[in-house]
Amino acid sequence: MLLTPDRYAESTTEELLTEASLGRIGVDHAWVKALLARDPEETARELVAFYMEMDEEIRIDLSAEIFHVLRALRSTVAIPVYIDLLHDAGDDDPSEIYEALAELGAAAIEPLLELHAAEEGTESQVNLEFLLAGLRVEDPRIEALLEARLAVDPADAAINISLYGKASFKEKLEAAIGTLDATSEAYEHEKHEIEFAIDQFAIETIPDAPPPFDVYEAFPEVAPPVFDVLEPVEMLAFLEHPDSDTRRQAVESLGNEQLEEEDLGKIVVLAESDPELSVRAQAWQSLAAAIEDPAIRAKIEEKFADTEAPSAERAGAACALAEGVISDELVAGLKEFYLDPATRAMALKAMWHSLDKRFAEHFPAHLEDEDKEVQRQAIWGAGYLGIGHAAGALEKLFEDPDVRDHALFAYALSCPGEVSRGRAKSMYKKIFDLAGGLSAEEVEIVESAIDQRLSMHGLDPVFHPHHH
């Protein structure tokens, strides 16, 4: 049975976390609200337990989401998660984690001191002292740690002491300068850090009160299931979801799957009888994979030919037909749908799916279209139809974060240049330079586009031979 938001309140915390980690529910305001409505300490314990048990195999890593909810719960139970996230932060800015600890105030001292004692002789102790000093709560045990650190590592201790901010440390810092080894390579650095800390005491600072933490800002108001990670059998269950947009996304995802006859029948039922037009239109599109099935093809052709039917449904059927033989009727129909802004995106999608160069003229004009879906289909069309003269316009889109990945893929498919296995790596290098470098995800996008371009010319791939 699908877990829908109206049932979140009666679900266990573990169910909410498990379903989210499997991608079967979206992590949004309703999900957060359901978690915050429970006993705070009990919920914090369950969140921490779930976090600690997450492994590499999990479909969706909920670390960030769990952190935000724990921060909203303000429980010291969360400290081991915060420390673990600090260890994993790497080059990421850890300030949010520091703020979460600071919000716990004096309540954080005891758990942090226990962790400090347990980490005897490790680098973690130094980090924990920094966190304790950053709480800016006067406590003799913290001061003892700061003094002990001053004796063995004056520069590190000075940073923590200036953070702690208690003026009685000034004399101890001044005395520490006299104990430094003036012949040591570290002398200037250590002396500078201590003098800087001493100067801080002379500056009157009123600590900024951090803005109140609004957990909902970290989450979308409504988020759909993550269909990309679901198995077809899971997607099929969503065809009966009460929310029409969720049904539409489910049937869209199913369009990429090889389905059994019985399951295709469920999509036909949706195409013919769903109460929502957008769902019906998408269901017709998703029947493209079954275009070879005579019975289904007949239904699609009938819908396309039915001039009394809503144009969105007919355009959806045209998208499915574009996967097969392109008839003159289909060409005329697609041009008609293209002229109507309401069905233009579907018409462009069908045109490029057909790989028919007759449609090439329709794409360049929409590469900067205000309608984001029209723009996306225009970009893909410029790529798949190999519209070389659109390369400059696609290159400009590398600067637009909303469509950069689409533009990279399309550019790699269509930019002018010899298509050969020998030229593949230099084409990759050219795109890398034009794009100002590529993230790991973008490397994958560009490599797979170049491989696809090679296979469209009957050549073996270069970057991912095992994928084919």
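That block above? That's the structure.
Residues numbered from 1 in each chain as written. Predicted model: local features only at pLDDT ≥ 70, side-chain atom pairs only at ≥ 80, totals over all residues. Heavy atoms only, no water.

Asks: Give me the lowdown on the overall build of the protein, citing residues and values where you can.
Replies: Counting its regular elements, the protein contains 25 helices and zero strands. Relative to the 2.2 N^0.38 estimate, which gives 23 Å for 468 residues, the radius of gyration of the protein is 30 Å and therefore markedly larger than a compact globule would have. Based on the C-alpha atoms only, the size of the protein along its principal axes is roughly 90 × 55 × 40 Å. The proportion of buried residues among the 468 residues of the protein is 47%. The long-range share in the protein, meaning contacts at least 24 apart out of those at least 6 apart in sequence, stands at 60%. Accessible surface, the protein as shown: approximately 24,000 Å² in total, 50% of it carbon and sulfur. Treating the 38 positive side-chain charges of the protein as one cloud and the 97 negative ones as another, the clouds have centres 6 Å apart. (Helix = DSSP H or I, 4+ residues; strand = E, 2+ residues; numbered from the N terminus. Rg over C-alpha atoms; globule rule 2.2 N^0.38 Å. Buried < 20%, exposed > 50% of the residue type's maximum accessible area, 1.4 Å probe, protein only. Contact = heavy atoms within 4.5 Å. Areas by Shrake-Rupley, 256 points an atom, 1.4 Å probe, with all protein chains shown as cover. Lys, Arg positive; Asp, Glu negative; His and termini not counted. Charge placed at Lys NZ, Arg CZ, Asp CG, Glu CD.)

Asks: Any details on the nonpolar core? Residues and values, ideally.
Replies: Among the nonpolar cores identified, the biggest contains 85 residues, and Leu-287, Ile-300 and Ile-450 are the most heavily contacted of them. Leu-3, Leu-35, Leu-85 and Leu-135 belong to the second-largest nonpolar core, a separate cluster that totals 61 residues. (Core = buried A, V, L, I, M, F, W, Y, C linked by side-chain atoms within 4.5 Å.)

Asks: Lay out a negative patch on the surface with the relevant residues and their values.
Replies: There is a patch of like negative charges on the surface, built from Asp-55, Glu-56, Glu-57 and Asp-61. Residue position: Glu-57 is located in the loop between helix H3 (40-53) and helix H4 (63-73). (Patch = residues over 30% accessible without salt bridge, like charges linked within 9 Å, V, L, I, M, F, W, Y side chains within 5 Å. Salt bridge = Lys/Arg side-chain N within 4 Å of Asp/Glu carboxyl O.)

Asks: Tell me what's going on with the pattern of salt bridges, and back it up with residues and numbers.
Replies: In this structure the tally under the stated criterion is 30 salt bridges. Between Lys-166 and Glu-143 there is a salt bridge whose closest N-O contact spans 3.1 Å. Here Glu-143 lies in helix H9 (residues 140-152) and Lys-166 lies in the loop between helix H10 (154-164) and helix H11 (170-178), a separation of 23 residues in the sequence. Using a relative accessible area of 22% as the deciding quantity, one classes Lys-166 as partly exposed.

Asks: So what's going on with unusual backbone geometry? Residues and values would help.
Replies: Of note, Arg-136 is a non-glycine position whose phi angle comes to about 55 degrees, a positive value. Inspection of the secondary structure assignment puts Arg-136 in the loop between helix H8 (123-134) and H9. The backbone of Leu-355 sits at a positive phi, close to 55 degrees, despite the residue not being glycine. For Leu-355, the position within the fold is in the loop between helix H20 (344-353) and helix H21 (372-384).

Asks: Can you explain helix H2 (residues 29-36)? Please cite residues and give values.
Replies: Trp-31, Val-32, Ala-34 and Leu-35 are the residues of H2 that are buried. Here the buried residues of H2 occupy an arc of 160 degrees about the axis, which is enough to place them on one side. Where the residues of H2 are buried, they touch helix H1 (13-21), H3 and H4. (Arc of directions from axis to C-beta.)

Asks: So what about the packing of aromatic side chains? Which residues, and what values?
Replies: Throughout the structure, instances matching the rule amount to 14 aromatic pairs. For the pair Trp-380 and Phe-409, a centre-to-centre distance of 5.2 Å together with 40 degrees between the ring planes defines the contact as tilted. Separated by 29 residues along the polypeptide, Trp-380 in helix H21 and Phe-409 in helix H23 (residues 404-414) bring together distant segments of the chain. By relative accessible area, which is 9% here, Phe-409 ends up buried. Judged by centre distance (6.1 Å) and plane angle (40 degrees), the ring pair of Tyr-384 and Phe-409 falls under tilted. Of this pair, Tyr-384 sits in helix H21 while Phe-409 sits in helix H23; the two residues are 25 residues apart in sequence, bridging distant segments of the chain. (Phe/Tyr/Trp six-rings, centres within 6.5 Å; stacked < 30°, edge-to-face > 60°.)

Asks: Let's hear about H8: which residues, and what values?
Replies: Taking 1.5 Å per residue, 12 residues should reach 16 Å; H8 reaches 17 Å between its end C-alpha atoms and fits that length. Within H8 the residues assigned to the buried category are Ser-124, Gln-125, Val-126, Leu-128, Glu-129, Leu-131, Leu-132 and Ala-133. Looking at the buried positions of H8, the neighbouring elements they touch are helix H5 (79-88), helix H6 (95-104), helix H7 (109-118), H9 and H10. Once H8 ends, the next one or two residues include Arg-136, with phi positive near 55 degrees. (Expected span 1.5 Å × (residues − 1).)

Asks: Tell me about the side chain of Glu-234, and please be specific about residues and values.
Replies: With respect to the helices, strands and loops of the structure, Glu-234 is situated in helix H13 (residues 232-237). A distance of 3.0 Å separates the side chain of Glu-234 from the side chain of Arg-59, its partner in a polar contact. If near-sequence neighbours (up to four positions away) are discounted, Glu-234 is found in contact with Arg-24 and Arg-59. (Polar contact = N/O pair within 3.5 Å; in protein donor to acceptor, adjacent residues only side chain to side chain.)

Asks: Explain the packing of helix H16 (residues 277-286) against helix H18 (residues 311-321) to me, and be specific about the residues and the numbers.
Replies: Each packed pair of helices is defined by two parameters, the angle between the axes and the distance between the axes. Relative orientation of the contacting elements H16 and H18 amounts to 15 degrees, with a least axis distance of 7 Å. Compared by their axis directions, H16 and H18 come out roughly parallel. Judged by the twist between their axes, the crossing of H16 over H18 is right-handed. Residues Leu-277, Arg-280, Ala-281, Trp-284 and Gln-285 of H16 form the contact with H18, whose participating residues are Ala-312, Glu-313, Gly-316, Ala-317, Cys-319 and Ala-320. (Axes fitted to C-alpha atoms, helices over the stretch in contact; angles between N-to-C directions. Parallel < 35°, antiparallel > 145°, perpendicular 65-115°, else oblique. Left-handed = near helix turned anticlockwise from the far one by under 90°.)

Asks: Outline the environment of Gly-265, listing residues and values.
Replies: Structurally, Gly-265 can be placed in helix H15 (residues 261-273). Residues Gly-265 and Ala-320 lie 55 residues apart in sequence; the distance between their C-alpha atoms is 15 Å.

Asks: So what about the environment of Lys-430? Which residues, and what values?
Replies: With respect to the helices, strands and loops of the structure, Lys-430 is situated in helix H24 (residues 424-434). Excluding residues that lie within four positions of it along the chain, Lys-430 makes contacts with Tyr-411 and Pro-416.

Asks: Requested: an account of the side chain of Lys-303, with residues and values cited.
Replies: Residue position: Lys-303 is located in helix H17 (residues 294-305). In contact with Lys-303, other than residues within four places in its own chain, are Trp-284, Ala-309, Glu-313, Arg-314 and Ala-317.

Asks: An account of the environment of Gly-437 is requested, with residue identities and associated values reported.
Replies: On the secondary structure map, Gly-437 appears in the loop between H24 and helix H25 (440-456). Excluding its chain neighbours within four sequence positions, the residues that come into contact with Gly-437 are Arg-404, Phe-432 and Glu-442.

Asks: So what about the packing of H18 against helix H19 (residues 328-339)? Which residues, and what values?
Replies: It is the contact of H18 with H19, at a shortest axis distance of 10 Å, that shows an interaxial angle of 135 degrees. Here H18 lies oblique to H19, going by the angle between them. The way H18 lies across H19 gives a crossing that is left-handed. Contacts between H18 and H19 involve Ser-311, Arg-314, Ala-315, Ala-318 and Leu-321 from the first element and Leu-330, Leu-334, Glu-336 and Phe-337 from the second. Counted by class, the contact of H18 with H19 contains six nonpolar, one polar and two charged residues. (Nonpolar A, V, L, I, M, F, W, Y, C, P; charged D, E, K, R; others polar.)

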